[in-house]
Amino acid sequence: WPMALPFLKRRMSFELRKFLHYLSWAWALALVYHAPYRIYWLIGIPALVYLVDWFVSLFPRNHLIETMKFERNGESGVVVSFQNPSRFDCTQASYLYLLLPWLSKYQWHAFTVFPHPMEKNCSTVYINKSGDWTGSLYGAIRFPVYKSGYCIGPFRSPFSDSAIKANNCIAGK
């Protein structure tokens, strides 16, 4: 909650805010070692579930993409297009985490990824300039260029469900 306040976000870099979030691990360890016996189960099982989920979702879906095409889209957008790596199933709207080491070595950002509208077995990410990282990306792309990057995903979006695509309409007064 404190980092949702705009004046705190402006005063602290992303790296510092991320480091402060990692302090929660130190707090959990301190709680485990300074609390009654039953706390091991209350913290240990969720931590184990979290680590297994992290491991399973991170490694099989982590892809190095050598040739991502970056090009500006209007006054505040960047379009990223790439050929889908193996085991990258992007047949509907999904999201992925993107790392561009030539821009920032440690910042992963989540974006919606779509199947490319014209090219088969390719995907597209539309990035709007809305913060420090996206502003730096927009500034770095002056003309269409190919660069490498990493992505984790795709993860199916909860908003691409068939229930949302239904032709039902609910109206009220």
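As shown above, the structure is provided for reference.
Small disclaimer: the values here were computed from a predicted structure and weren't measured.

Chemist: For the side chain of asparagine 84, give the residues involved together with the corresponding values.
Modeler: The topology assignment puts asparagine 84 in the loop between strand 2 (77-83) and strand 3 (94-99). Asparagine 84 sits in the buried class, given a relative accessible area of 10%. Within the structure, the side chain of asparagine 84 is placed 2.5 Å from the side chain of serine 123, a separation counted as a polar contact.

Chemist: Run through helix 4 (residues 132-140), naming residues and quoting values.
Modeler: Listed in full, the buried residues belonging to helix 4 are Trp133, Thr134, Leu137 and Tyr138. Buried residues of helix 4, viewed axially, fall in a sector of 135°; they line one side. Where helix 4 is buried, its residues meet strand 1 (62-73), strand 2, strand 4 (109-115) and strand 5 (122-128).

Chemist: Describe the pairing of strand 5, with residues and values.
Modeler: Within strand 5, five of the seven residues are buried, leaving the element largely enclosed by the surrounding structure. Sheet topology note: the strand 2/strand 5 ladder contains seven bridges and is antiparallel. Within the sheet, the bridge partner assigned to glycine 77 lies in strand 5 and is asparagine 128. Both strand 4 and strand 5 contribute to a ladder of three bridges, which runs antiparallel. From the neighbouring strand, proline 115 faces strand 5, where its bridge partner is serine 123. Once strand 4 ends, the chain turns through six residues before running back antiparallel as strand 5, passing asparagine 121 with a positive phi of about 60°.

Chemist: Break down the packing of aromatic side chains for me, with residues and values.
Modeler: A full pass over the atoms with the stated rule returns seven aromatic pairs. Consider the rings of tyrosine 95 and phenylalanine 155, whose centres lie 5.4 Å apart with planes at 35°: the pair is tilted. Here tyrosine 95, found in strand 3, pairs with phenylalanine 155, found in strand 6 (residues 145-156); they are 60 residues apart in sequence, far enough to count as distant. A residue is classified by how much of its surface remains accessible, and tyrosine 95, at 29% relative accessible area, is partly exposed. Among the aromatic residues, those joined into a ring-pair cluster are Tyr95, Tyr97 and Phe155. The ring of tyrosine 138 has arginine 72 lying over it, and the distance from NZ or CZ to the ring centre is 3.9 Å. Geometry around tryptophan 102 places lysine 147 over its ring, the cationic atom sitting 4.1 Å from the centre.

Chemist: Residues and numbers for the pattern of salt bridges, please.
Modeler: The tally for this structure, following the rule as stated, stands at one salt bridge. Note that lysine 69 and glutamate 71 form a salt bridge whose closest N and O atoms lie 3.8 Å from each other. Assessed through its relative accessible area of 26%, lysine 69 is described here as partly exposed.

Chemist: Give me the lowdown on the sheet that holds strand 3, citing residues and values where you can.
Modeler: Working definition: the strands of a sheet are paired by backbone hydrogen bonds and lie parallel or antiparallel to each other. Overall, antiparallel pairing links the six strands, which are arranged 1-2-5-4-3-6 in a closed barrel. The average angle at which neighbouring strand axes cross in this sheet is 45°, direction not considered. As defined by bridge partners, strand 1 adjoins strand 6 across seven bridges and the pair is classed as antiparallel. By the bridge assignment, leucine 64 is partnered in strand 6 with tyrosine 150.

Chemist: How would you sum up a nonpolar patch on the surface? Please name residues and give values.
Modeler: Judged by side-chain polarity, Tyr22, Trp25, Leu48, Tyr50, Leu51, Val52, Trp54, Phe55 and Val56 come together as a nonpolar surface patch covering roughly 950 Å² of accessible area. At the level of elements, helix 2 (14-33) and helix 3 (39-58) are the ones that each hand at least two residues to the nonpolar patch. With respect to the secondary-structure elements, leucine 48 resides in helix 3. A relative accessible area of 54% places leucine 48 in the exposed class.

Here is what the cut-offs are and how they apply
- Residues numbered from 1 in each chain as written.
- Predicted model: local features only at pLDDT ≥ 70, side-chain atom pairs only at ≥ 80, totals over all residues.
- Heavy atoms only, no water.
- Helix = DSSP H or I, 4+ residues; strand = E, 2+ residues; numbered from the N terminus.
- Buried < 20%, exposed > 50% of the residue type's maximum accessible area, 1.4 Å probe, protein only.
- Polar contact = N/O pair within 3.5 Å; in protein donor to acceptor, adjacent residues only side chain to side chain.
- Arc of directions from axis to C-beta.
- Contact = heavy atoms within 4.5 Å.
- Pairing = 2+ DSSP bridges.
- Phe/Tyr/Trp six-rings, centres within 6.5 Å; stacked < 30°, edge-to-face > 60°.
- Lys NZ or Arg CZ within 6 Å of the ring centre and 35° of its normal.
- Salt bridge = Lys/Arg side-chain N within 4 Å of Asp/Glu carboxyl O.
- Axes fitted to C-alpha atoms, helices over the stretch in contact; angles between N-to-C directions.
- Patch = residues over 30% accessible without salt bridge, like charges linked within 9 Å, V, L, I, M, F, W, Y side chains within 5 Å.
- Areas by Shrake-Rupley, 256 points an atom, 1.4 Å probe, with all protein chains shown as cover.

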